[in-house]
Every structure is written in structure tokens, then in C-alpha cells.
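# Report on the structure
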Amino acid sequence: AGGAGAVMIRGLSYDDRRLRDLPGEPLLATMVESAARCCGMGLIYEFWGVYEGLRDRTPKGVILQKGHALWASAFCPEAAAEIVDFLQWRQEGWVMLCPTLAALWREKTGEAGLPLAVMELPEGVGFSLPEAEYRTHTATAAAGCNRAVGEVSPAQYEAAVVNLHLAERRRGGHTVTLERDGKAVSAAAVTDCGTRYGQISYVATLPEYEGQGYGRAVVYHCAGWLQEKNLIPLVACEAHRESFYAGLGFQKISEVTVFTG
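Residues numbered from 1 in each chain as written. Predicted model: local features only at pLDDT ≥ 70, side-chain atom pairs only at ≥ 80, totals over all residues. Heavy atoms only, no water.

### Comments concerning empty space enclosed by the protein
What counts is decided by this rule: Here a cavity denotes grid points, spaced 1 Å and computed from the protein atoms alone, that fit a 1.4 Å probe unable to get out, and a pocket denotes an open set having protein on both sides within 12 Å along at least 5 of 7 lines; residues with an atom within 4 Å of a point are the lining. Grid points are joined across faces, edges and corners, and a volume is the space filled by probe spheres set on the points. Only DSSP runs of H or I reaching four residues or more are called helices, and only runs of E reaching two or more are called strands; each is numbered from the N terminus. Just so you know the grouping, Ala, Val, Leu, Ile, Met, Phe, Trp, Tyr, Cys and Pro go in nonpolar, Asp, Glu, Lys and Arg go in charged, and all remaining residues, Gly too, go in polar.
According to the stated counting rule, one finds 1 cavity of 30 Å³ or more in the structure shown. Its boundaries defined by the atoms lining it, the largest cavity holds a volume of some 30 Å³. In terms of lining, the largest cavity is formed by Glu-25, Leu-27, Leu-28, Trp-71, Ala-72, Met-96, Cys-98 and Val-256. When residues of the lining of the largest cavity are traced back to their parent elements, those giving at least two are helix 1 (26–37) and strand 4 (69–74). Of the residues belonging to the lining of the largest cavity, the class tally is 7 nonpolar, no polar and 1 charged.

Take a look at the structure:
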């Protein structure tokens, strides 16, 4: 028999890396681990209670809050309704949800959301970096390249610069640009690192330089940086980009959906 759950709300701590061992979405787990390793950059909401007739000290779902964004995953279907109700009450910005929560969110709100394929680069996939002029620790240039191709809006640009600089400074992230004609023409960044995965984001190439292998080069540069740390490279991409990453050897392992309200 089911029953009412309980929500524990608290600041993140280094010990919250234990959440990596819970079932659920690897992308969310990586974000939780990364935030916990960075001295509590966020809040964690754990859902405990009676689900499937069980009462124990294992959370049945978790929400990570960083700024106005919320990432959420349910570890059993019975907890989904309570988590979605809480999310609707707490939402101030956008939310990223695991498949179970996304389906219920659509039903309750009517929002379609933006599905993202979560893809990993398996161990053993070989790749080499072409000769090029790479520049690392270039957070501002990476954000600028994304803005130039419309990946981030002018309003999001400042936040992107700050987030990338912080990730570099904490040594939990890495940015790289590839330069041609005296400017950054392609960029990528590692934005969140856990103990199993590292997420590659902010991948962008100026339109006039597409098709020359520059995007492949910066993604592989970040993948190599992660593999040196014994981490599995992870990306979350829209449907039209799946073929690009599949061509690099990435394999789809799950899906999340972003809702902007």
C-alpha cells in the first residue's frame, strides 16, 4: 500500500556524491555530484516515504536546484505524482525531468517540452585530434562563439561566462576553442563532472566554418580531457544533433526533457 511521502530540503554537501549510486538519470546524477563537489552550489530535495509498501532511508526521488533551474528524477513510479506537484509549486525557471516525470508533467501542464538525448562515448572508441590551434581556459571565447551562432541569447551570455569560469577555477571543468583567421571558430566545454561521467556542453561552430571537422575536434579534445580523469564523456543533445554525436561514436543511453514554463 502506498502512503504520503516526506520531503527533506537541505543544502548540498560533499557527502551527497553518494547519490551517484542511486538509480536514475546519469545526467542528473552528474549534475548533483558536480554541485556537491563544489562546496554546496545548490539545494537538494529528497523524497522519502512509503512507496511500494516500503519504508526505508533511501530517497525515492531527488530534485537538484541551482539558481532558478530544477533537475529532477524519480527512482520509483509511485513517487512521480508527489514530485511533479512539488515541482509545479517550486518552479521559478526551467526544469529538466527524467522520462517518468516528463510524461506526467506533460499530462498535467500540456507543455510539450524539449526532449534531449543523453549519449555517452563508450570506452574503447578510438579517436585522434587533428592538427589545429587549440586554446584552453577560454571561457569567454567559448561563450562568445555560442552567442555568435545563437546557442545562447545575449541575456544568457553573462551567465555562461560566469559558469564556465567557475567550472575552470574549481578544476571541475574545461573549455577549449579552435582558432582560425585570428578568431575562435569552434568551441566546447566540460561543464559538470561527477565520479563516473563528465558532461560536454557549449559545442558550437561558426556557420562559415562548418563541415571542416572543427566541431569534431573540440568535442574529442574535451572527451580526451575527461578520459584522462577516468570519466565517461556524456552529452545531452536535441534530436537534430544525435547523428553528429553518433558519428563521433556516442551512444544514446537515456533521455531527459526540458520544460521552460
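Picking up after the structure, the text goes on.
### Details of the pattern of salt bridges
Counted only if it meets this: When a carboxyl oxygen of Asp or Glu lies within 4 Å of a side-chain nitrogen of Lys or Arg, that pair is called a salt bridge.
Here the structure, examined in full by the defined rule, presents 8 salt bridges. Between Glu-92 and Arg-90 there is a salt bridge, with the nearest N and O atoms lying 3.1 Å from each other. A cluster of three or more residues bridged by salt bridges with shared partners is formed by Glu-133, Arg-135 and Glu-179.

### Overview of the pairing of strand 11 (residues 232–237)
Applicable threshold: DSSP bridges decide pairing: two strands pair if at least two such bridges lie between them. Every crossover in which the path from the first strand over the helix to the second runs clockwise, viewed with the strands pointing away from the viewer, is termed right-handed.
Inspection of the sheet shows strand 6 (residues 114–120) paired to strand 11 by 4 bridges, in the antiparallel sense. By the bridge assignment for strand 11, Val-118 is matched with Ala-236. Relative to strand 11, strand 10 (residues 197–205) runs parallel, the two being bridged by 3 bridges. Within strand 11, the residue paired with Gln-199 across the bridge is Leu-234. A crossover links strand 10 with its parallel partner strand 11, the connecting element being helix 6 (residues 214–228), and its sense is right-handed.

### Quick look at the packing of aromatic side chains
Let me state the cut-off plainly: Only Phe, Tyr and Trp rings are paired, with Trp represented by its six-membered ring, and only when their centres lie within 6.5 Å; those with planes under 30 degrees apart are stacked, over 60 edge-to-face, the remainder tilted. Partly exposed describes any residue whose relative accessible area lies between the buried limit of under 20% and the exposed limit of over 50%, with all areas from a 1.4 Å probe on protein chains only and scaled to the type maximum. Placement of a positive charge over a ring is assigned whenever Lys NZ or Arg CZ falls within 6 Å of the ring centre and within 35 degrees of the normal to the ring plane.
Per the counting criterion, the structure on display carries 9 aromatic pairs. Relative to Phe-259, the ring of Trp-105 lies with its centre 5.9 Å away and its plane at 40°, an arrangement referred to as tilted. One end of the pair, Trp-105, is in helix 3 (residues 99–109); the other, Phe-259, is in strand 12 (residues 251–259), with 154 residues separating them in the sequence. In terms of burial, Trp-105 and Phe-259 fall into one category: buried. The interplanar angle of 70° and the centroid separation of 4.9 Å between the aromatic rings of Phe-244 and Tyr-245 together place this pair among those described as edge-to-face. Owing to a relative accessible area of 3%, Tyr-245 belongs among the buried residues under this scheme. The rings of Tyr-45, Phe-47, Phe-86 and Trp-89 are connected pair by pair, giving a single aromatic cluster. Here the guanidinium or amino end of Arg-147 rests over the ring plane of Tyr-157, the centre of that ring lying 4.0 Å away. For Lys-229, the ring lying beneath its charged end belongs to Trp-225, and the centroid distance is 4.5 Å.

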